[in-house]
Amino acid sequence: MTVIDIPGSKSVTARALFLAAAAEGTTTLVRPLASDDTEGFAEGLAALGYEVERAPGAWRVRGRPAGPAAASADVYCRDGATTARFLPTLAAAGHGDFRFDASAQMRRRPLAPLTEALRALGVDLRHEEAEGHHPLRIAARGVKGGAVTLDAGQSSQYLTALLMLGPLTAEGLSVTVTDLVSEPYVDITLAMMRSFGARPARAGDVFTVPPTGYRATTYAVEPDASTASYFFAAAALTGREVTVPGLGTGALQGDLGFVDVLRRMGADVAVTPDGTTVRGTGRLHGLTVNMRDISDTMPTLAALAPYADGPVRIEDVANTRVKECDRLEVCADNLRRLGITVTTGPDHIEIHPGTPRPAEIITHGDHRIVMSFAVTGLRTPGISFDDPGCVRKTFPGFHAHWENALRP
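Fair warning: this is a prediction, and the values are worked out from it, not measured in the lab.

A. The arrangement of the sheet that holds strand β14 (residues 241-245) in detail. Sheet architecture is open: four strands sit in the order β1-β14-β16-β15, paired in mixed fashion. With partners counted over all chains shown, the strands left at the sheet margins are β1 (2-3) and β15 (268-272), one partner each. Bridge count for β15 against strand β16 (residues 275-279) is five bridges, and the pairing is antiparallel. Bridge assignment links Ala270 to a residue of β16, and that residue is Thr277.

Below you can see the structure in the form of structure tokens.
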């Protein structure tokens, strides 16, 4: 059995940084993820005037319930979608003039549903170039609150940003959602808000958040379930047994549900309070699966799919087209480079069994493309990447970790 130590969750770390910055008192984050995305988030907080102390294994954030200490700031969000969507929302609750910009990749990703909702709440903001995209300026004067309608069909991060804003408003917030993708990520948000003293509630498509503020706490960040998916897939493919401690029955992250897909394909899976174990059985069955709620693991399954004994059809993943790249088409293009037959539609991909041949994977700078096709490379020597270093976004040490844990 191979025990894999997975770095902390990116999604949890980003939310924890927002909540810590908004809380009364000093919060300690235990085992946060240290990567390009989360370090960019922490630097963004520092640019806004929050005190952030980063030490190995523990980050401390001195909260400011009144908002940023800086009267003005220019914040660069790098490639981070959570940084680019959460920090402007946090700043809007304070007072000052703030500009946010991001990498060319992040500039292409949509922001409009969130900024339209903020405008509906009275926030004075404008997009400097393309409407609905970074760069963005906010003249922050606090947020009164009230009721707003949101389309979260492209990204659940829009809803998460608004929910986390709720306790900082003067009168609280009511958000009616007309469409929602990646719903388990919203469950993470609600649970974490409660850990920081907030009292969000949900009734169907309506989320209500009273203006409670937040209380500082010590918060342990669980391992990243999306990152764990590559190691679980590796076990299913190679017949090995892999255990990830700290990701068990009490885990917040919905992406742990990827192991249920592997179970359906024929792997042995055990989930306990202490962790999750996947063991390959020497067989991988084809299947049709809806991955709307765990779409970040779609590339993992796509990279594994050629080794199944029948077609693998992944459905309801239209939102993967507006991630770091159009992941649906990029997976399809790379599988074709490997000689695999693939078809795609607006929200689905179908992959037929085959024997992948060596090729260079075109990553489009997307960390998940690299880590996913590393799984394919376990059975197909000669796979390489045009930008292997882009894993720094979420897992800077991935390649060494992968080699040490899984290579013979």
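B. Layout of the nonpolar core. One finds Leu48, Leu90, Phe100, Leu159, Leu162 and Tyr214 to be the most contacted residues of the largest nonpolar core, which totals 73 residues. In terms of residue count, the dominant contributor to this core is helix α1 (residues 10-22) (nine residues). With 69 residues, the next largest nonpolar core counts Ile6, Ala228, Ala267 and Leu338 among its residues.

C. Region of the structure containing the pattern of salt bridges. Tallied over the full model, the rule gives 32 salt bridges. In this structure, the salt-bridge partner of Glu324 is Lys393, at a minimum N-O distance of 3.5 Å. Note that Glu324 is positioned in the loop between β18 (312-315) and α11 (327-337) and Lys393 in the loop between β22 (384-385) and α13 (398-406), a separation of 69 residues in sequence. Across this residue pair, the class does not change: Glu324 and Lys393 are buried.

D. Just the state of the cysteines, in detail. This structure, assessed with the given rule, holds zero disulfides. Free of any disulfide, Cys77 has its nearest cysteine sulfur in Cys390, 19 Å distant.

E. The arrangement of the side chain of Glu350 in detail. Looking at the secondary structure, you find Glu350 in strand β20 (residues 348-351). Assessed through its relative accessible area of 18%, Glu350 is described here as buried. A distance of 3.2 Å separates a polar atom in the side chain of Glu350 from a polar atom in the side chain of Arg313. Those residues in contact with Glu350, other than ones at most four positions away along the chain, are Pro311, Val312, Arg313, Thr341, Val342 and Thr343.

F. Spatial organisation of the sheet that holds strand β6 (residues 95-101). The four strands are arranged β5-β6-β8-β7 in an open sheet whose pairing can be described as mixed. Single-partner strands in this sheet number two, and they are β5 (72-76) and β7 (124-127). Averaged over all pairs of adjacent strands, the angle between their axes in this sheet comes to 15°, without regard to strand direction. Relative to β6, β5 is paired through five bridges, and the arrangement is parallel. Within the sheet, the bridge partner assigned to Val75 lies in β6 and is Phe100. Here helix α3 (residues 81-92) sits on the sheet in contact with β5, β6 and β8 (136-141), set at roughly 30° to β8.

G. Summary view of α1. Relative to the 18 Å expected for 13 residues at 1.5 Å per residue, α1 spans 19 Å between its end C-alpha atoms, a close match to the ideal helical length. Counting buried residues in α1 gives 13 out of 13 residues, a clear majority hidden from the surface.

H. Seen up close, the environment of Ala359. Mapping Ala359 onto the fold places it in the loop between β20 and β21 (360-361). Using a relative accessible area of 13% as the deciding quantity, one classes Ala359 as buried. Along the sequence, Ala359 and Gly377 sit 18 residues apart, while their C-alpha atoms lie 9.9 Å from each other. Excluding its chain neighbours within four sequence positions, the residues that come into contact with Ala359 are Arg337, Leu338, Gly382, Ile383 and Ser384.

I. Just the packing of helix α12 (residues 367-376) against α13, in detail. Between α12 and α13, the least distance of the axes is 11 Å, while the angle of their chain directions is 20°. Classified by the angle their axes make, α12 and α13 are roughly parallel. Crossing handedness for the pair α12 and α13: right-handed. Where α12 abuts α13, its residues Val370, Met371, Ala374 and Val375 lie against Phe398, His399 and Trp402. Partitioned by chemical class, the residues of the contact of α12 with α13 number six nonpolar, one polar and no charged.

J. Inspection of unusual backbone geometry at higher detail. Omega for the peptide link from His134 to Pro135 comes to 5°, which places this bond in the cis form. Unlike most non-glycine residues, Asp316 shows phi in positive territory, near 60°. By secondary structure assignment, the location of Asp316 is in the loop between β18 and α11.

K. Representation of the packing of aromatic side chains in the model. Within the structure shown, the criterion is met by seven aromatic pairs. Between the aromatic rings of Phe18 and Phe86, the centroid separation amounts to 6.5 Å while the plane-to-plane angle is 90°, which identifies the pairing as edge-to-face. Of this pair, Phe18 sits in helix α1 while Phe86 sits in helix α3, and the two are 68 residues apart along the sequence. For Phe18, a relative accessible area of 0% corresponds to the buried category. Measuring from centroid to centroid gives 5.7 Å for Phe395 and Phe398, while their planes differ by 70°, and the two rings are edge-to-face. An aromatic cluster is present here, built from Tyr230, Phe231, Phe395, Phe398 and Trp402 joined pairwise through their rings. Above the face of the Trp59 ring, Arg54 is positioned so that its terminal group lies 5.7 Å from the ring centre.

Thresholds applied
Residues numbered from 1 in each chain as written. Predicted model: local features only at pLDDT ≥ 70, side-chain atom pairs only at ≥ 80, totals over all residues. Heavy atoms only, no water. Pairing = 2+ DSSP bridges. Helix = DSSP H or I, 4+ residues; strand = E, 2+ residues; numbered from the N terminus. Core = buried A, V, L, I, M, F, W, Y, C linked by side-chain atoms within 4.5 Å. Buried < 20%, exposed > 50% of the residue type's maximum accessible area, 1.4 Å probe, protein only. Salt bridge = Lys/Arg side-chain N within 4 Å of Asp/Glu carboxyl O. Disulfide = S-S within 2.5 Å. Polar contact = N/O pair within 3.5 Å; in protein donor to acceptor, adjacent residues only side chain to side chain. Contact = heavy atoms within 4.5 Å. Axes fitted to C-alpha atoms, helices over the stretch in contact; angles between N-to-C directions. Expected span 1.5 Å × (residues − 1). Parallel < 35°, antiparallel > 145°, perpendicular 65-115°, else oblique. Left-handed = near helix turned anticlockwise from the far one by under 90°. Nonpolar A, V, L, I, M, F, W, Y, C, P; charged D, E, K, R; others polar. Phe/Tyr/Trp six-rings, centres within 6.5 Å; stacked < 30°, edge-to-face > 60°. Lys NZ or Arg CZ within 6 Å of the ring centre and 35° of its normal.

It is worth stressing that arrangement in space is one thing and function is another; only the former is reported here.
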